[in-house]
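Close look at the chain arrangement
Here's the letter readout for the chains.
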Amino acid sequence: MPTRERLLALIDILLRQTDEEHPISGVKLAKELNKLGIAAEKRAIYADIAALNKAEWDIRLNERGYYANRHAFTTDEARLISYAVDAAGFIDHKTAQSIKAKLASTQNSYYKAPAAIPKRHDGETKSQTALLTIAKAIEEKKQLSCLNNDEEEATWARTRLDPISIEAGGGRLYLSCMCGNEQKLMPIDELTGLRIERQAIRR
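My aim in this report is to walk through the structure given alongside it, one point at a time. (Residues numbered from 1 in each chain as written. Predicted model: local features only at pLDDT ≥ 70, side-chain atom pairs only at ≥ 80, totals over all residues. Heavy atoms only, no water.)

Quick look at helix H3 (residues 42–54)
Put simply, the rule reads: Counting from the N terminus, the helices are the DSSP runs of H or I reaching at least four residues and the strands are the DSSP runs of E reaching at least two. In this scheme, a helix's expected span is set at 1.5 Å multiplied by one less than its residue total. Each residue gets one of three labels from its accessible area relative to the maximum for its type: buried under 20%, exposed over 50%, partly exposed in between, using a 1.4 Å probe on protein chains only. Note that the arc is computed from the directions linking the helix axis to the C-beta atoms. Working rule for contacts: check all heavy atoms of both residues, and any pair within 4.5 Å makes them a contact.
Compared with the 18 Å implied by 1.5 Å per residue over 13 residues, the 19 Å span of H3 between its first and last C-alpha is a close match. Within H3, burial applies to Ile 45, Asp 48, Ile 49 and Leu 52. Burial along H3 is one-sided: seen end-on, the buried residues are contained in an arc of 100°. Across from the buried face of H3, at angles greater than 90 degrees, the exposed residues are Arg 43 and Lys 54. Close packing links the buried residues of H3 with helix H1 (4–17), helix H2 (26–35), strand E1 (59–62) and strand E2 (65–68). Once H3 ends, the next one or two residues include Glu 56, with phi positive near 65°.

So, the layout of surface pockets
Put simply, the test is: Using a grid of 1 Å spacing that covers the protein atoms alone, one calls a set of points a cavity when a 1.4 Å probe fits there but cannot get out, and a pocket when the set is open and has protein on both sides within 12 Å along at least five of seven lines; lining residues are those with an atom within 4 Å of a point. Grid points are joined across faces, edges and corners, and a volume is the space filled by probe spheres set on the points. In this classification, the charged set is Asp, Glu, Lys and Arg, the nonpolar set is Ala, Val, Leu, Ile, Met, Phe, Trp, Tyr, Cys and Pro, and all remaining amino acids, among them Gly, are polar.
By volume, the largest pocket is sized at about 450 Å³. Surrounding the largest pocket, 20 residues form its lining, Asp 19, Glu 20, Thr 74, Thr 75 and Gln 107 being those nearest its centre. Per-element tally for the lining of the largest pocket: the top contributor is helix H4 (residues 75–87), with three residues. Residue classes in the lining of the largest pocket are distributed as five nonpolar, seven polar and eight charged.

Looking at the packing of H1 against H3
Stated formally: Convention adopted: a line fitted to C-alpha atoms gives each axis, helices being fitted over their contacting stretch, and angles between N-to-C directions are expressed from 0 to 180 degrees. By definition in this entry, angles of less than 35 degrees are roughly parallel, angles greater than 145 are roughly antiparallel, angles of 65 to 115 are roughly perpendicular, and the rest are oblique.
Viewed as axis vectors pointing N to C, H1 and H3 meet at an angle of 80°, and their least axial separation amounts to 11 Å. Accordingly, the angle class assigned to the pair H1 and H3 is roughly perpendicular. Where H1 abuts H3, its residues Arg 6, Leu 7, Leu 10, Ile 11 and Leu 14 lie against Ala 44, Ile 45, Asp 48, Ile 49 and Leu 52. When the residues that make up the contact of H1 with H3 are grouped by side-chain class, the tally is eight nonpolar, no polar and two charged.

Some remarks on H1
Given a rise of 1.5 Å per residue, 14 residues ought to cover 20 Å, and the 20 Å separating the end C-alpha atoms of H1 matches this to within 8%. For H1, the set of buried residues is Arg 6, Leu 7, Ala 9, Leu 10, Ile 11, Ile 13, Leu 14 and Gln 17. Summarising the contacts, the buried residues of H1 are in contact with H2, H3, E1 and E2.

Focus: the pattern of salt bridges
So the rule is basically this: For salt bridges, the criterion is a side-chain nitrogen of Lys or Arg within 4 Å of an Asp or Glu carboxyl oxygen.
Within the structure shown, the criterion is met by eight salt bridges. The salt bridge involving Glu 197 is made with Arg 160; its shortest N-O contact spans 3.7 Å. On the criterion of sequence distance, the pair formed by Glu 197 in strand E7 (residues 195–200) and Arg 160 in strand E4 (residues 155–169) is long-range, its members being 37 residues apart. On the basis of relative accessible area, Glu 197 is assigned to the buried category, the value being 11%. Judged by its relative accessible area of 37%, Arg 160 falls in the partly exposed class. Close ionic contact of Arg 172 with Glu 190 constitutes a salt bridge, the shortest N to O distance being 3.1 Å. Within this pair, whereas Arg 172 is found in strand E5 (residues 172–179), its partner Glu 190 is found in the loop between strand E6 (182–187) and E7, the two being separated by 18 residues in sequence. Arg 172 sits in the partly exposed class, given a relative accessible area of 28%. Here the residues in one salt-bridge network are Arg 160, Arg 195 and Glu 197, joined through shared partners.

This is how it looks when you write it as structure tokens:
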């Protein structure tokens, strides 16, 4: 029968050390428990995992081992929320740091918070302005436009975009949008001259 102490230790190890990309084998789990002074064999681990799943902890198994699928937010969701907290002009630095620390506590040890969007005393940063502009356009269902440099003509032209959503990946934020008949992911920090147009989105 699994012991309460061993189950609690297993939950802690799985939540802190694992996700789908960083599973842990039954042998390694037993070793981690032994380091804590808790006797455990590989056979007992299988029974413990089954008991946790019966209690709806959602411990999954892939070809490399076990991982917890019970984090409050995925890594990309946590990064997106972190960016949103930094971009919100009404959240002061101290409050932002507190929120992001609590957010990080919902992740495992592999989580790395994205670099903070610096706040200036004289107003918003370019990234803050772009995020707020995109969010407003999505809410109002209006088109956006951005400037593109035509190097051959040595001129700047505006490109119309139908905004869909803001997405996070690889430590960056992207605008998911329709550009003509093509759906694109555009890095927000590379968008220049972003503005909301009067025309409603076409989709």
